[in-house]
Amino acid sequence: MSRDAVHSRDAVSAASLVDKHVVVVGAGSLGSQVAMQLARAGVGRLTLIDPDILSAENLGRHVLGIDDLGRYKVDAMRDRLMRDVPTVEVAVVPSWVEELSTSDKALQTADLVVVTTADWHSELWLWRRKREGASWPLMQGWSEPHGVAGHVLVAPAESTDDGTQLFDASGVFLHPSTNDWPNDGFVERPQCGGRFIPGGPIGLAAISTLASRVAVEALQGRIPAPQWHRYTANEDAVRRAGGTLLRPEDVIGVDAVFDERPWPNVSAEATPA
């Protein structure tokens, strides 16, 4: 099938992405949407890294469906992407990113690395690579509880900017949009020995679209300095979900807001990792 036909509705932008290679670390509910949007935008190569297996609990907000239950998410995403967007090449790594060598070919050839795992070990490992001089732009995206707010941090190519300064020693972001969530916003899963941050597909779709747009801007060389992008729903939406909006003045008179700003000032409470 012709690439020109597949991407004809956005040909100019797609042409700028055909030779780009994006490494997506995390193929969960957010990462899977970002990967699909980047493929549809015209990115030529994707490498997906994630050790998880798709379970029934994932189906409510994941790109994948019931036929993929029990499979590695990255394997199923490769098949789905190459079926739905036949112009993209997809490689997969069903393991944690920190298990890779810093000389791994996927990282050496990346034009952008995107991490959406909400796993501090993986995020920290990637920020350390960036601090040590990795040439690729690094983008980290995540959702706050119930998808009523989300964040994207991006450090440009050829920089040593260190995003860990914006988190405490355990990986908690020092500048959230909401707070007062029961159990800090987590739902425990004792039967699985883990926990998750709740959220539905609508809020995550807004955050994934934000992350994908920022990723394209980074690939097109339009991010010369560290940026912080936010999505924030209105105060009523946050209250209904059980939390408190920290800066209600940011969304006065609107249903939701997307904004862009430099990285926040380093808090005195921050403990760089």
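Residues numbered from 1 in each chain as written. Predicted model: local features only at pLDDT ≥ 70, side-chain atom pairs only at ≥ 80, totals over all residues. Heavy atoms only, no water.

### Considering helix H7 (residues 201-219)
For H7, with 19 residues, the first-to-last C-alpha span of 26 Å sits near the 27 Å given by 1.5 Å per residue. Taking burial as the measure, the 19 residues of H7 include 14 buried ones, the bulk of the element. In the stretch just after H7, Gly221 is the one whose phi turns positive, near 75°. (Helix = DSSP H or I, 4+ residues; strand = E, 2+ residues; numbered from the N terminus. Expected span 1.5 Å × (residues − 1). Buried < 20%, exposed > 50% of the residue type's maximum accessible area, 1.4 Å probe, protein only.)

### Details of unusual backbone geometry
Phi angles above zero are rare outside glycine, and Asn183 is one such case at about 55°. As for its placement among the helices and strands, Asn183 is situated in the loop between strand E7 (178-179) and strand E8 (187-189). Residue classification places Asn183 among the partly exposed residues on the basis of a relative accessible area of 43%. Not every positive phi belongs to a glycine, and Asp184 is a case in point at roughly 60°. With respect to the secondary-structure elements, Asp184 resides in the loop between E7 and E8. By relative accessible area, which is 66% here, Asp184 ends up exposed.

### Some remarks on the sheet that holds strand E2 (residues 45-49)
What links the strands of a sheet is backbone hydrogen bonding, and the strands pair in either a parallel or an antiparallel sense. Here we have 8 strands laid out as an open sheet, ordered E3-E2-E1-E4-E5-E6-E10-E12, and mixed in their pairing. The open sheet has two edge strands, strand E3 (89-93) and strand E12 (256-261), and neither has a second partner. Pairwise comparison of adjacent strand axes, ignoring direction, gives a mean angle of 15° for this sheet. Examined bridge by bridge, strand E6 (residues 149-155) and strand E10 (residues 227-233) share 6 bridges and lie antiparallel to one another. Counted as the bridge partner of His151 is Arg230 from E10. (Pairing = 2+ DSSP bridges. Axes fitted to C-alpha atoms, helices over the stretch in contact; angles between N-to-C directions.)

### Quick look at the pairing of E2
Taken across its 5 residues, E2 has 4 buried, putting it largely inside the fold. In this sheet, E2 lies alongside strand E1 (residues 21-25) in parallel orientation, the contact comprising 5 bridges. Bridging from a neighbouring strand, His21 pairs with Arg45 of E2. Between the parallel elements E1 and E2, the chain passes through helix H3 (residues 29-41) in a crossover that is right-handed. Pairing of E2 with E3 involves 5 bridges; the strand directions are parallel. The partner of Ile49 across the bridge, within E3, is Val93. Following the chain from E2 across helix H4 (residues 73-84) to the adjacent parallel E3, one finds a crossover that is right-handed. (Right-handed = clockwise from strand over helix to strand, strands pointing away.)

Geometry only, nothing functional implied.
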